[in-house]
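# Observations on the model geometry
Next come the chains, spelled out residue by residue.
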Amino acid sequence: MSTTDTGTGTGTDTGTATATGTGTEAAPPDRDAPREPKHEVLRRALLDLVEAGSPHQMLPSERELMQRYDVSRVTVRRAVERLGQEGRIYRVQGAGTFVAEPATISKSLRLTSFSEDIRERRMVPAGRLLVLERVHADVTNARDLFVEPGAPLVHLERLRTADGEPMCLENVWLPEQLVPGLLEHGDPGSLYGWLERAGSAPESAEQTVRATVVDARQAALLHVPPQFPALHVERVTRDGRGRAVERAVSLYRADRYDFRLTITRERRT
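Definitions and limits used
Residues numbered from 1 in each chain as written. Predicted model: local features only at pLDDT ≥ 70, side-chain atom pairs only at ≥ 80, totals over all residues. Heavy atoms only, no water. Buried < 20%, exposed > 50% of the residue type's maximum accessible area, 1.4 Å probe, protein only. Helix = DSSP H or I, 4+ residues; strand = E, 2+ residues; numbered from the N terminus. Pairing = 2+ DSSP bridges. Salt bridge = Lys/Arg side-chain N within 4 Å of Asp/Glu carboxyl O. Expected span 1.5 Å × (residues − 1). Contact = heavy atoms within 4.5 Å. Polar contact = N/O pair within 3.5 Å; in protein donor to acceptor, adjacent residues only side chain to side chain. Axes fitted to C-alpha atoms, helices over the stretch in contact; angles between N-to-C directions.

Now for the pairing of strand β6 (residues 165-175). In terms of burial, β6 is a largely internal element, 10 of the 11 residues being buried. Where strand β5 (residues 152-162) meets β6, 10 bridges bridge the pair, whose relative direction is antiparallel. Bridge pairing in β6 places Ala 162 opposite Glu 165. Hairpin remark: β5 followed by β6, antiparallel, with 2 residues in the connecting loop; positive phi at Asp 163, about 50°. Bridge count for β6 against strand β9 (residues 244-253) is 6 bridges, and the pairing is antiparallel. Of the residues in β9, the one forming a bridge with Leu 169 is Leu 251.

Structural data, given as structure tokens:
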């Protein structure tokens, strides 16, 4: 709708907008131009909130957004859904909507270590050793590593980071005979380097990925809220002779890490 600057003293709607003090007239609006959808207007407004906020900062609730912007619940949900698809926000069931981290690290199907993945993205990998101990193989580790139950294993738990930001909690079990001296050495850095020096360089792996959420301890280490979405990844790695040399259970932040698959369709004849 057109407006008139009442400061000119006319008080009438002339169909044009007059700039105060200039005496110039703006072009009349194009009434045939399509109006921007309400959810898109709201999306841009919410994007301003996201960009002004910090990662994991909670955004206003649906009801608050409806009242603040005078829009329907459907409009709010469509705008929020769009921002979620764009990776700008994430939702935690029962907790709310939060500002997402600015970038996601993609993992391909090539067998690479965490450090290799991070370096490929020109980031600096690092980690903090939480546990380094000798354990006896339980039923699961004995089965996956093809060792006798009770066989000596080396167990590590590490918090893995990229440019100082926590990305992953990693638990690894290796047959102790394949990594002699590791328990005395302390933080090993690259486990694949240790295996290569032992003549058991990793060449293939089987892994499963499923969705989960973090508990209170995991949340504190990963710098995210409790019940935050995560990727639970289990992997058994084999060397060139087919021997199982590593079992790993890793917990990745779902807002910073994803798995990229390349799939093909067979031609039907």
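Here the focus is the pattern of salt bridges. Under the defined criterion, the tally for this structure stands at 15 salt bridges. In this structure, Arg 247 engages Asp 144 in a salt bridge whose closest nitrogen and oxygen atoms are separated by 3.1 Å. Of this pair, Arg 247 sits in strand β9 while Asp 144 is found in helix α5 (residues 139-145), placing the two residues 103 residues apart along the sequence.

Now for helix α1 (residues 38-52). With 15 residues, α1 should cover 21 Å at 1.5 Å per step; its first-to-last C-alpha distance of 22 Å lies within 8% of that length. Those residues of α1 not exposed but buried are His 39, Glu 40, Leu 42, Arg 43, Ala 45, Leu 46, Leu 47 and Val 50. Where the residues of α1 are buried, they touch α2 (62-69), α3 (73-85), β1 (89-92) and β2 (96-99).

The topology assignment puts Glu 40 in helix α1. Judged by relative accessible area, Glu 40 falls into the buried class, the value being 15%. Here the side chain of Glu 40 touches Arg 82 through a polar contact of 3.2 Å, side chain to side chain.

Ordered by their spatial adjacency, 6 strands build an open sheet running β4-β5-β6-β9-β8-β7, and the pairing between neighbours is antiparallel. A strand with exactly one partner marks an edge of an open sheet, and here the two such strands are β4 (125-136) and β7 (202-213). Averaged over neighbouring strand pairs, the angle between their axes works out to 15° when direction is ignored.

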